[in-house]
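Architecture at a glance
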Amino acid sequence: AIGFSSSSHRSLSALSFSVLPTVFILGWFTTVRLIETSVENIVSRRRIEAIRRYYSRLEADEEHRFFRDDFERSGAHGVRYHGRSILFTMASMIHLVNSVVGGATAALICVLGAGLSTAVGLGLGVTVGVVLLTGGLVYEYQRLAPLIRAGGRAPHEQTT
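Structure report, in brief. (Residues numbered from 1 in each chain as written. Predicted model: local features only at pLDDT ≥ 70, side-chain atom pairs only at ≥ 80, totals over all residues. Heavy atoms only, no water.)

**Observations regarding the overall build of the protein**
Secondary structure assignment for the protein yields 4 helices and 0 strands. Ordered by position from N to C terminus, the α and β elements of the protein give α-α-α-α. Relative to its 160 residues, the protein shows a buried fraction of 30%. Of all intrachain contacts in the protein linking residues separated by at least 6 positions in sequence, the fraction that spans at least 24 positions is 66%. If you sum the accessible surface of the protein, you get close to 10600 Å²; carbon and sulfur atoms cover 65% of it. (Helix = DSSP H or I, 4+ residues; strand = E, 2+ residues; numbered from the N terminus. Buried < 20%, exposed > 50% of the residue type's maximum accessible area, 1.4 Å probe, protein only. Contact = heavy atoms within 4.5 Å. Areas by Shrake-Rupley, 256 points an atom, 1.4 Å probe, with all protein chains shown as cover.)

**Points about the packing of helix H2 (residues 9–58) against helix H3 (residues 90–113)**
Close contact between H2 and H3 brings their axes to 9 Å; oriented N to C, the two are set at 155°. The angle between the axes of H2 and H3 places the two elements in the roughly antiparallel class. Considering only the axes of H2 and H3, their crossing is left-handed. Here the contact of H2 with H3 is built from residues that sort into 16 nonpolar, 11 polar and no charged. (Axes fitted to C-alpha atoms, helices over the stretch in contact; angles between N-to-C directions. Parallel < 35°, antiparallel > 145°, perpendicular 65-115°, else oblique. Left-handed = near helix turned anticlockwise from the far one by under 90°. Nonpolar A, V, L, I, M, F, W, Y, C, P; charged D, E, K, R; others polar.)

**Side note on the packing of H2 against helix H4 (residues 118–149)**
The geometry of H2 relative to H4 is characterised by a closest axis approach of 10 Å and an angle of 15° between their N-to-C directions. Judged on the interaxial angle alone, H4 and H2 are roughly parallel. Crossing handedness for the pair H2 and H4: right-handed. Note on element contacts: H4 touches H2 through Leu132, Gly136, Tyr139, Glu140, Arg143, Leu144, Leu147 and Ile148, opposite Phe24, Trp28, Val32, Ile35, Glu36, Ser38, Val39, Ile42, Val43 and Arg46. Looking at the contact of H2 with H4 residue by residue, the class counts come to 12 nonpolar, 2 polar and 4 charged.

**Digging into the nonpolar core**
Residues Val39, Ile42, Val43, Ile86, Leu144 and Leu147 constitute the largest nonpolar core, which totals 6 residues. Considering every element that reaches this core, the biggest residue donor is H2, with 3 residues. Setting aside residues no more than four positions away along its own chain, valine 39 makes contact with Arg143, Leu144 and Leu147. (Core = buried A, V, L, I, M, F, W, Y, C linked by side-chain atoms within 4.5 Å.)

**What about the side chain of serine 5?**
As for its position among the elements, serine 5 is in helix H1 (residues 2–5). Given a relative accessible area of 9%, serine 5 falls into the buried group.

Encoded structure:
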């Protein structure tokens, strides 16, 4: 739609300034919810592992197939989060796209709304996109890192 409206400055402005901010806000909502889902997944996975360990101690047969570790060396089951793996979550991917949308919106505001040159608009758009990406990744790291360091337990949970 933006491509079709690009021949008219007025149509492009109206469409860009109504659609892109809406998509950007929805991207933020999606990113935040995906981060919260990752938090829930980490905590739930670790609780399930604790239950599995409890029941594996009850079973005398060491060859019991229900309680064997998925990863024999680490004893972990499912997805394993660690430092850099935070960069490869669904939240990070959505946030990357959302940062591009935010940067493009900023560039269009500079060029179409403020009448700045295309070069200045592009420079500001790239800067805004990088700042948005950095901010989102920092937020995701702040939410997930304490859980990863705590072994998946919520920071307020006590070890039994």
